[in-house]
Amino acid sequence: MITSTPTTRNLLNFSGGPGALPESVLRQVQASIESVPDVGLSILGISHRSKWFTDLVLDTEERIRNLLKLSKDYHVLFLQGGASQQFATVAMAFNQNTKHPAEYLDTGYWSAKSIEGASLNSKPVEKSPQIRVAWSGRDTQYTRLPRNHELALNKDAPYFHYVSNETVEGLQFKEIMGLDSVTRICDMSSDFLSAPILAERFSLIYAHAQKNLGPAGVTIVVIKDALLKLIEPGLPAFLDYRTHALAHSNFNTPPVFAIYVVNLIAKWLDDEVGGLQRMHEINQQKALCLYDQIDGSDHFYKNAVNPMDRSLMNVTFRLPSAALEEKFLKHAESLGFSGLGGHRSVGGIRASLYNGVTLNAVRQLSEFMHDFRSNV
Ligand SMILES: Cc1ncc(COP(=O)(O)O)c(C=O)c1O
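Small disclaimer: the values here were computed from a predicted structure and weren't measured.

1. Considerations on the overall build of the chain
Then step 1. Helix and strand content of the chain: 11 helices and 11 strands.
Then step 2. Its C-alpha atoms give the chain a radius of gyration of 21 Å, near enough to 21 Å, the size a compact globule of 376 residues would have.
Then step 3. With respect to the principal axes defined by its C-alpha atoms, the chain has extents near 65 × 55 × 35 Å.
Then step 4. The proportion of buried residues among the 376 residues of the chain is 56%.
Then step 5. Pairs at least 24 residues apart make up 70% of the contacts formed inside the chain by residues separated by at least 6 positions.
Then step 6. Summed over its atoms, the accessible surface of the chain is roughly 16400 Å², and 53% of this surface lies on carbon and sulfur atoms.
Then step 7. The averaged location of the 38 negative side-chain charges in the chain is 2 Å from the averaged location of its 36 positive side-chain charges.

What follows is the structure, encoded as structure tokens:
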């Protein structure tokens, strides 16, 4: 029997984001509110111009570079405005005066938002001469992802954009999409640093922190140096990636606290987890545990996604009726589980299994699902 205390509620947090963070990191964060070791000041009151903080940014850049095995050809930036800001910034930087439209995949709620955000002055999106949707899963309710061989892509497109993990529907690409000869840009907000990737096949990756990397408030951008040279002239300094690359993300006041937590998470991935390959293995076990529970439930729990495209990060499922879903959520909440309600656009149930969620917590959820089904 699970007894619900504030601590167990943190351990049983399946929120779609901001999501659960590892306990050991939370403890360090808690202590840092009073005083950061070596500094003697609260993390909330340390100057962004201090040597400690500028060193912290460099260290965090380096840790992310090492985790992704990135060469010095890439910059690691810590920006504000969330992933939504990146939808527009990418288009402003690389798609204002281009001869060919940029190509986008529409594979779920967030990629649809990325297309909307990139259409700048052209509304509705369908009318934008700057954007071509190369594939859309809208008509099939976003239940499957395309394969590369299904796409007829333009080798002259200024860039190709997709979302690696669809957080709302629970779909995740298992292959890198697009042509290697075209600038590849990817929103990895909900699976960044959850597994090793061939990062150098991307020209630009962005991911907000609040799922696998830390609290809301900072967005990581990994950008190839050569891409900086293609930025259109005339952008406000703040919206120009070059400004932040040159200033090592310290052009104006950066989110000091959020970057500090990202640094702790990067250390945790290295020192406690044992790297991205190990993190991936744990994430696979977690997802398998829930998908097995769903598949073995005699259709009581139903996941609508093509099995090949299932996400390791967001496991979505429905129960036989809305009333049963409500009962499931209420009962789960009373036992200390939280964040299990599906995204407001689709309803149902969603268990988000970000890096900070433990295998033990997922096993408890799976057990609860089993008991719930047996007792209704
Ligand atoms: C894949 C993905 N992209 C973009 C966003 C939007 O992020 P933000 O709220 O930081 O703008 C989300 C939000 O959850 C997301 O899951």
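That covers the picture; the talk isn't over yet.
2. Section: the packing of aromatic side chains
Then step 1. Per the stated rule, a full pass over the model turns up 18 aromatic pairs.
Then step 2. With a centroid separation of 5.0 Å and an interplanar angle of 85 degrees, the aromatic rings of Tyr 109 and Trp 110 are classed as edge-to-face.
Then step 3. Note on Tyr 109: relative accessible area 17%, which makes it buried.
Then step 4. Between Tyr 301 and Phe 328, the ring centres sit 6.0 Å apart and the planes meet at 75 degrees, which makes this aromatic pair edge-to-face. Taken together, the residues span a long stretch of sequence, with Tyr 301 in the loop between helix H9 (276–295) and strand S10 (314–317) and Phe 328 in helix H10 (residues 322–334) at a distance of 27 residues. The burial state of Tyr 301 is the same as that of Phe 328; both residues are buried.
Then step 5. Members of the aromatic cluster, connected to one another through ring pairs, are Phe 14, Phe 300, Tyr 301, Phe 317, Phe 328, Phe 337, Phe 368 and Phe 372.
Then step 6. Seen from the ring of Phe 202, Arg 184 lies directly overhead, with NZ or CZ sitting 5.8 Å from the centre.

3. Quick notes on the environment of Ala 322
Then step 1. Looking at the element boundaries, Ala 322 is found in helix H10.
Then step 2. The class of Ala 322 is exposed, set by a relative accessible area of 58%.
Then step 3. Distance in space between the C-alpha atoms of Ala 322 and Gly 347 is 9.1 Å, their sequence separation being 25 residues.

4. Topic: helix H5 (residues 109–118)
Then step 1. Among the residues of H5, those classed as buried are Tyr 109, Ser 111, Ala 112, Ser 114, Ile 115 and Ala 118.
Then step 2. Where H5 is buried, its residues meet helix H4 (82–94), strand S2 (102–106), strand S3 (131–136), strand S4 (160–163), strand S5 (165–166) and strand S8 (204–208).
Then step 3. Backbone geometry just downstream of H5 places Leu 120 in the positive-phi region, at approximately 45 degrees.

5. Overview of the domain arrangement of the chain
As a measure of interface size, the accessible area lost when the parts come together is often cited.
Then step 1. The domain architecture assigned to the chain consists of domain 1 (30–271) and domain 2 (275–375).
Then step 2. A C-alpha centroid distance of 27 Å is found between domain 1 and domain 2.
Then step 3. Across the boundary between the two partners, domain 1 contributes 27 residues, which contact 25 residues of domain 2.
Then step 4. A combined buried area of about 2200 Å² lies between domain 1 and domain 2, and 54% of that area is made up of carbon and sulfur atoms.
Then step 5. Applying the counting criterion to the domain 1 and domain 2 interface returns one salt bridge.
Then step 6. Ionic pairing is found between Arg 147 and Asp 309, a salt bridge with its closest N-O pair at 3.0 Å.
Then step 7. For the side of domain 1 that touches domain 2, the elements supplying multiple residues, two or more each, are helix H3 (51–68), S5, strand S6 (171–172) and helix H8 (256–273).
Then step 8. Of the residues belonging to the side of domain 1 that touches domain 2, the class tally is 11 nonpolar, eight polar and eight charged.

About the criteria used
Each chain carries its own residue numbering, running from 1 in the direction its sequence is written. Since the coordinates come from a predicted model, pLDDT governs what is reported: local features require at least 70, and pairs of side-chain atoms require 80 or more to be given and counted, while whole-chain, interface and lining totals use all residues. As a rule here, side-chain values cover all heavy atoms of the structure and leave hydrogens and water aside. Only DSSP runs of H or I covering at least 4 residues are called helices, and only runs of E covering at least 2 are called strands; the numbering of each starts at the N terminus. Here the globule rule is a power law, 2.2 Å times the number of residues to the power 0.38, and the radius of gyration is based on C-alpha atoms. Type-normalised accessible area, obtained with a 1.4 Å probe on protein chains alone, sets the label of each residue: buried when under 20%, exposed when over 50%, and partly exposed for intermediate values. Whether two residues touch is decided by their heavy atoms; if any such pair falls within 4.5 Å, the residues are in contact. Areas reported here follow the Shrake-Rupley algorithm with a probe of radius 1.4 Å; residue values treat only the protein chains shown as occluding. The charge count includes Lys and Arg as positive and Asp and Glu as negative, but it does not include His or the ends of the chains. Taken as the charge location is NZ of Lys, CZ of Arg, CG of Asp or CD of Glu. The aromatic pairing rule takes the rings of Phe, Tyr and Trp, using the six-membered ring of Trp, and pairs them if the centres are within 6.5 Å, calling planes under 30 degrees apart stacked, those over 60 edge-to-face and the rest tilted. For a lysine, the NZ atom is tested; for an arginine, the CZ atom; a charge sits over a ring if that atom is within 6 Å of the ring centre and within 35 degrees of the ring normal. Per the annotation, domain bounds derive from an automatic or database assignment of domains. The quantity reported as buried area is the accessible area (1.4 Å probe) lost by two parts once they are put together, taken as the sum for both. The term salt bridge refers to a side-chain nitrogen of Lys or Arg lying within 4 Å of a carboxyl oxygen of Asp or Glu. Polar here means any residue outside two lists: the nonpolar Ala, Val, Leu, Ile, Met, Phe, Trp, Tyr, Cys and Pro, and the charged Asp, Glu, Lys and Arg; Gly therefore counts as polar.

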